[in-house]
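Architecture and fold: a report
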Amino acid sequence: MSWLGEITMKEIKNIQSEKSRREFLKTSALLGGSAFFLSQFQLAEDLYAKAVTSSLMPEEAKQLSNAENFIYTVCLQCHTACPIKVEIENGVAVKIDGNPYSIQTLNPAIPYETNVKDAANIDGGICPKGQAGIQSLYDHYRIIKVLKRDGKRGENKWKVIPFSKAISEIVEGGKLFSNVPGEENRSVEGLKTIRQLKDPSLAEKMAADAMDVGNGKMKLADFKEKYKDRLDILIDPDMPDLGPKNNQFVFQAGRIEHGRKEFAQRWFKAGFGSNNWFEHTTICEQSHHIAFDQITSQYKDGKWGGGKHHMKPDLYNSEFVIFFGTSPVEANFGPPYLSNLINSNIVKGQLKIVVIDPRFSKTAAKAWKWLPVKPGSDAALAYAIIQWLIENKGFNKKYLGNSNKGAAIANDETTWSNASYLVKIEDDGPGTFLRASDIGRGSKDQFVVMWNGNPVVFDPNDENQVVNGDLFYDGKIEKFKVKTAFQLLKEFAFSKSLEQWADEAGIDKENIIEVAKEFAKHGKKSVADLYRGAVQHTSGYYNAQAIITLNLLAGNGDWKGGLTAGGSHWHEDGSKKGQPFNLAKELHPNKIKSFGHKITREGSKYEESIYYQKEGYPSKRPWFPLTSNVYQEIIPSMQDGYPYKIKALMTHKGTPVLSSPAGHKMIEALVDLDKVPLYFACDIVIGETSMYADYIFPDTAVWERWGFPHTTPAVPIKHSKIRQPVVEPLVDKVKVFNEEMPINMEAIMLAIAENLNLPGYGKDGFTAGMDFTKQEDFYLKMAANIAAGDKPGETVDDINTEEYNIFLKARKHLSKSIFDADLYKKAVSDNNGKNWWAKVAYVLNKGGRMEDFEAYQNSGDKIPHIFKGMFNLYTEPVALTKHPYTGKRFAGIAQADPVKGFNDKQVVQGDYHFNLITYKDILGGQSRTLPTDYWLSALSPGNYIIMNFLTAKELGLKDGDSARLVSSTNIEGIWDLKNGNVLPVAGKIKVVEGLRPGVVSVSWSYGHWAYGSNDVIIDGNKVAGDERRRTGLCPNAVMSIDPVLKNVGLQDLIGGSASYYDSKVNVIKV
Amino acid sequence: METSEKNSLTRRQFFKKSATAAIGASAVGIVFPAIAESGEVSSKVIPTDVSSDAMIMLAELKDALKKPIEKRKWAMVIDTRKCINCNACTVACISQNNLPPGVTYRKVFEIEDGEYPDVQRYFMPTNCMQCEKPTCVEAANKIIPGSMAVRPDGIVTIDYKKMKGKKVFEAAKKACPYDNAFYYDEGKNYTDYTPSVQPYEKMKSKEYGKEFTREETKDSTRKCHFCIDRIENGRLPACVATCIGRAMYFGDINNTQSMVASLIKNNESFVLNEGAKTLPAVRFVNNNLDETCLKCHG
């Protein structure tokens, strides 16, 4: 076994002066060594050579401010996705600044109609990662050609393979690895054979019937009779609800963004016909989204739905904001926009903030109070505040008593809550809301409140009837035991004393009361905000619900200074009436309806599956009906073959092994050829997960490609961002559908579509006369939809001649395969004969479409884009959902739960004492930036195991000591890379005052073992890694593994969030 | 309440303090100035109370550039209450000036104070102070005449061709009363010792109205020059433009109405190492000196 990892943390200059030059064999596969690379930058070389002998002409200095040198695009060094302007000199990106048209970087932004010439000298502010984007773009460890493994999985032996050959191998299958010892006779099933269901009308019929067998509405025998000639399509004819064999191809994207999401979903679900499309969300913050989703779901046509996933404080006007588990000046969404507002308003004396975090973050440095909460106990803290507010009448009684839309309108509100609604109390606890039909006074879609001693029935959405309800009621109506939602909240809040809640949260009572007082004082301008720190726990959903409830008590929804769903964006998917290209619902002839339970069982009720009919409780692995994108379950489910085995996996822009808790367990599955027979990755480098693939395809970098990221709800105005290529992509180019294009996710998908003849691609791919042969055909239509707006009469202007000339000149360095105005123009002719190019060029020229700030100024006392709906204090769908292990119902009111495993029992972590938490420094975005960006790693060469001085004293440790982290499920504290190498979870101690004692904190973005940090072999040549990239540690391998499931970390059974902060570790000096 | 009034700047009054907090659109605004040389001015009106700091500084910059150079006096004001120690400024500067490893024209310092749970962290960005009476210039020119100079607008400059070698570097650094101004350029690249030097490192740095290759600045002393090439093209210095905390301010202090002048007038501010009497052009704002910096530096 050989030990990898950081040796010592030296300063950059020491490394460079002390080490002798290593023998680098230039390999054409990586950016740094290619002939392509050298010739592409011949211009730069020439310039360089010329400059040595000559000096600069004065006019060239003016070039700095010439609008022709900028292209506007969007950063993605983190997911704030700030709009940026990239300055280009002779085809090289030389400087990045913020896009002044965007409020995310310049607040307020310049008017959208400002001529681009005038915008040239105006820069928005971006964070250090954004500035260092140039280094992520020009990274010598980027792969530019396709690699195929030339050894065992994870051995890191690769050979270059032509793109078209890799595609045909993946599609056709066969004995693809016969040169690898042990795989001489292993035959791999290709995508061609996996794709059994190809007939759209058959898919449509089968989809409905298969799920009906699952939920008992159709008999299995009847199904088998109806489809008797086609049962071979199914994974298991006795379990049709598992879906067709197509589902055995899994697409696991990490942090894919809009634009690419829709591109990939079209290809994968509607084209290929598999239901197993995933992105990252539960390792990010999903339980936060699901809590908001449940709290903001509307009741329409007998169903709950249409909830928002994300709301934020309106910081322009907020007076008091409590941040639970998030540091807006370091992370969240995101520092450039939020730091500006928070700082300015604190300095003005308008805003006071409280930071609730075991760690004294940089945001805490600006806070009125820092409450170093015990990790995971945010619900307890929220309930302490709720108790005080109820006790001291510090909640908005009037607001909470508005029971429907009519009452809201009558009270100058645009939102109301279901606080007064009567809930039926069943034998096993609170269940559904009482309906008018229950008591024979109306329909099943009418609810009931008490008012002046009498029940009142009503429709929540009725504008005309004004209904108010009592907040407290505990009694009987007809035969039903009922309580109001608010009554339930109160009972839970008072189920413990304030002292007990305070003790559970680890915060002194006095501070909690002061915070509660302040929260009450500012009324609708008080907001409780939260992010990962509060929700990446097994109780994350409930934590979020408890915190968001504070906003309901303040009645702050839609008010300036209160809670906002944001200004949203124009719909690039074309789903709004009148938009030129409806990519969401139309323009896909013969598309397949994918169906069947996903391998993560997300979006499916266990009780509506044949598995349940056969096995009952407990289920073998969790089912997640209320959530989606349960990322950490994907590979472990493959390992268990539950609910079914898979045949092929494609990962894209994601590294589950590195970024999931207990990700090291996933390596075991990935090297198992029976569990994952075929694995191909689309990645920008040989990464910590893609190194285990059979094939790695390059991807275009952020500054080389298209995208349509959405905007954080912290922004109150409408704001659409467009990512577009600013430099010639550095990856190889290939031909697909006879079009030249760079190798990237889109090229892979188009090539497989071409190979498999998937519906919706090639000639007439969108519809007659509208071909789909290159990625611009898709993305430019999205830009056209934005230019058209969401409503008729909302189109942008045509671009004028002067600005169009600038637009063209700015792109003169791009080859025809990347930018060709004539080809682009063709892609935006709609079915009505209208060509949108003049308007598309307008929005591309400015990097998107942005509403002017005056929309906020002119919207009175409410935010300009209102949410306008009901907030659910009590969430009925959750109360109706059963725990898949125990069959017990979940709760409609937030609970304050301990750390639990899949069996719903408290997790015992034995003799491990210290709470492990992680955080993001502003220099690190997900798994990238550090290590690649040397400007950033020069400022912070590595990370630390941070602890309070009391903890250090207890452990006999001091600043600078080396130590290892161990846990009950990783007693050695190692990453076993399953290729002969191990990596200890070890690093240097840092002692601080600003951390709760008993907590150990490790920042993210370090501890790499791939990504250019260690040696790989390509075409028989060693390519040495860069020592600067393997500093620090990644703590995920010591995060606790679920005691029942045994191959995945702990998780939240309702929202699906992966637990990062519930693990207990010990710290061993080395 | 009091703090707000003390900190208020008439130009930057964002929201009127009222119970309804309606944003008044009643103020008659300044005409939004176009910055480009075209002479054409966009007529879009923005109410005064919502111009961003950057736009105001850009308008002031344009006015200042109209004056003869000796009538401008560049100053920088850093509001330490708003620094978040993100280092966007540090990295923007490295990128803007294509600096080699070992050279950063600015640094942000941090210190933790107090005992758990009464903790605080202080952030302190610094760069060359562009002193009015720079002791570095004299010291450097004694070693190599013509190494350094002071421009009429107050920027202290280096002649890369002349100021070569460790001796003159050390002399300047020693004479400087501040820690953070001078750096020695060893002519390296961040992407040395990797398969190849990347194209952005091969581009020339644009400084002092000229362009320089890595070869040409090797063994030179380097320091902040307030981004001469940006400001003379009507753009704010890189650090000021990128500061996401909005802690950085820049302008012509001879303009008594400028943001920098107003900030100093309306707030408690200080210079570092005042006793050295070099008259730095960089001032720091902090309205709570007694309870913050002076606890240790008092």
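The residue numbering used here restarts from 1 in each chain and proceeds along that chain's sequence as written. The order in which chains are written sets their letters, starting at A; the order in which ligands are written sets their numbers, starting at 1. The model is predicted, so local features are restricted to residues of pLDDT at least 70 and side-chain atom pairs to those at 80 or more, both for listing and for counting; the totals for chains, interfaces and linings are taken over all residues. The side-chain figures draw on all heavy atoms in the structure; neither hydrogens nor water molecules are used.

**A word on the overall build of chain B**
Heads up, the rule is: In this text, helices come from DSSP runs of H or I with a minimum length of four residues, and strands from runs of E with a minimum of two, each type numbered from the N-terminal end. Buried means the residue's accessible area, taken with a 1.4 Å probe over protein chains only, is under 20% of the maximum for its type, while exposed means over 50%, and partly exposed covers the values in between. Each accessible area value is a Shrake-Rupley result obtained with a 1.4 Å probe; residue values ignore everything except the protein chains displayed when judging cover.
Counting its secondary structure elements, chain B contains 11 helices and 12 strands. Within chain B, the proportion of its 298 residues that are buried is 60%. Summed over all atoms, the accessible surface of chain B reaches about 12200 Å², with 53% contributed by carbon and sulfur.

**Regarding the sheet that holds strand β6 (residues 157-160) of chain A**
The strands that make up a sheet are held in pairs by hydrogen bonds between backbone atoms, and each pair lies either parallel or antiparallel. Residue and element names in this part refer to chain A. Just so we agree on the cut-off: When DSSP finds two or more bridges between a pair of strands, those strands are recorded as paired. Contact definition: two residues touch when any of their heavy atoms are within 4.5 Å. To get an axis, fit a line to the C-alpha atoms, keeping to the stretch in contact for a helix; angles then go from 0 to 180 degrees between the N-to-C directions.
Strand order across the open sheet formed by nine strands is β10-β9-β26-β27-β28-β5-β6-β43-β44, with mixed pairing between neighbours. This sheet does not close on itself; its edge strands, each paired only once, are β10 (277-278) and β44 (1021-1023). Of the strand pairs in this sheet, strand β5 (residues 147-149) and strand β28 (residues 695-697) are connected by two bridges, and their pairing is antiparallel. Paired with lysine 148 across the two strands is tyrosine 695, which belongs to β28. The sheet strands contacting helix α8 (residues 163-172) are β5, β27 (678-682) and β28, and the helix crosses β28 at an angle near 130°. Contacting β9 (249-253), β26 (648-652), β27 and β28, helix α28 (residues 745-756) crosses the sheet at an angle of about 135° to β27.

**Observations concerning the packing of aromatic side chains**
Residue and element names in this part refer to chain A. Heads up, the rule is: Each Phe, Tyr or Trp ring, with Trp reduced to its six-membered ring, pairs with another whose centre is within 6.5 Å; inter-plane angles below 30 degrees give stacked pairs, above 60 give edge-to-face pairs, and intermediate values give tilted ones. We call a charge positioned over a ring when the NZ of a Lys or the CZ of an Arg lies within 6 Å of the ring centre and within 35 degrees of the ring normal.
Considering all chains together, one arrives at 72 aromatic pairs over all chains under this definition. A ring pair is formed by phenylalanine 249 and phenylalanine 272, whose centres lie 5.0 Å apart and whose planes are at 75°; its orientation type is edge-to-face. Of the two residues, phenylalanine 249 sits in strand β9 while phenylalanine 272 sits in helix α12 (residues 260-272), which places them 23 residues apart along the sequence. On the basis of relative accessible area, phenylalanine 249 is assigned to the buried category, the value being 0%. Classification of phenylalanine 272 by relative accessible area gives buried; the value is 0%. One residue, arginine 849, lies across the ring of tryptophan 570, its end atom 4.4 Å from the ring centre. Against the face of tryptophan 559 rests lysine 862, its NZ or CZ located 4.0 Å from the ring centre.

**Focus on the sheet that holds strand β24 (residues 526-530) of chain A**
Residues and elements named next belong to chain A. With parallel pairing, the four strands of this open sheet are ordered in space as β16-β15-β14-β24. Pairing within the sheet leaves two strands with one partner each, and these edge strands are β16 (369-371) and β24. Across the sheet, the mean angle separating the axes of adjacent strands is 15° when strand polarity is ignored. Together, β14 (320-324), β15 (352-356) and β16 form the strand contacts of helix α16 (residues 378-391), whose direction differs from that of β14 by roughly 155°.

**Looking at the pairing of β6 of chain A**
Residue and element names in this part refer to chain A. One ladder, built from three bridges, connects β5 with β6; its direction is antiparallel. Each residue of the ladder has a partner; that of arginine 149, found in β6, is tryptophan 158. The pairing of β6 with strand β43 (residues 1016-1018) spans two bridges and is classified as parallel. Residue pairing for β43: lysine 157 is matched across the bridge by isoleucine 1017.

**Points about the confidence of the model for chain B**
Residue and element names in this part refer to chain B. Note the cut-off: pLDDT gives the predictor's per-residue confidence on a scale running from 0 to 100.
In this model, chain B carries an average pLDDT of 83, and 83% of its residues clear a pLDDT of 70 or more. In the model, residues 1-49 has pLDDT below 50 throughout and makes 93 contacts with residues more than four positions away in sequence or in other chains. Model confidence for the complex: the whole-complex pTM is 0.92, and ipTM, which rates the interface, is 0.93.

**Quick notes on the pairing of strand β45 (residues 1064-1069) of chain A**
Residues and elements named next belong to chain A. Pairing analysis gives two bridges linking strand β36 (residues 914-919) to β45, with the strands arranged antiparallel. Paired with asparagine 915 across the bridge in β45 is lysine 1064. Here strand β38 (residues 962-967) pairs with β45 via five bridges, running antiparallel. For arginine 964, the partnering residue across the bridge sits in β45 and is isoleucine 1068.

**Quick look at the environment of glutamate 319 of chain A**
All names here are of chain A. Along the chain, glutamate 319 turns up in the loop between β13 (312-313) and β14. Between the C-alpha atom of glutamate 319 and that of lysine 525, which follows or precedes it by 206 residues, the distance is 5.3 Å. Apart from the residues within four sequence positions on either side, glutamate 319 is in contact with Gln350, Leu351, Lys352, His522 and Lys525.

**Side note on helix α4 (residues 135-143) of chain B**
Listing the buried residues of α4 of chain B in full gives Cys136, Val137, Ala139 and Ala140 of chain B. Summarising the contacts, the buried residues of α4 of chain B are in contact with β4 (148-150), β5 (156-158) and α5 (166-175) of chain B.

**Comments concerning the pattern of salt bridges**
Think of it this way: side chains of opposite charge can pair up when their charged atoms draw near. Where we set the bar: Any Lys or Arg side-chain nitrogen found within 4 Å of a carboxyl oxygen on Asp or Glu counts as a salt bridge.
Scanning the entire structure with this criterion turns up 85 salt bridges over all chains. Between lysine 978 of chain A and aspartate 976 of chain A there is a salt bridge, with its nearest N and O atoms 3.3 Å apart. Lysine 978 of chain A sits in the partly exposed class, given a relative accessible area of 37%. A cluster of three or more residues bridged by salt bridges with shared partners is formed by Lys85, Glu87, Lys95, Asp97 and Asp123 of chain A together with Arg230 and Arg235 of chain B.

**With respect to the confidence of the model for chain A**
Of the residues in chain A, 94% have a pLDDT of 70 or more, and the chain-wide mean is 93. Below a pLDDT of 50 lies the segment residues 34-64 of chain A, which in the model reaches 48 contacts outside its immediate sequence neighbourhood of four places, other chains included.

**Observations concerning unusual backbone geometry**
Residue and element names in this part refer to chain A. With an omega dihedral of -5°, the bond running from tyrosine 617 to proline 618 counts as a cis peptide bond. The residue proline 618 is located in the loop between α24 (610-615) and α25 (634-640) in this model. With a phi angle near 50°, phenylalanine 737 is a residue other than glycine that sits in the positive phi range. Relative to the assigned elements, phenylalanine 737 resides in the loop between β30 (733-736) and β31 (739-742). In this structure, aspartate 904 is a non-glycine residue whose phi angle is positive, near 65°. Residue placement: aspartate 904 occurs in the loop between α34 (876-879) and β36.

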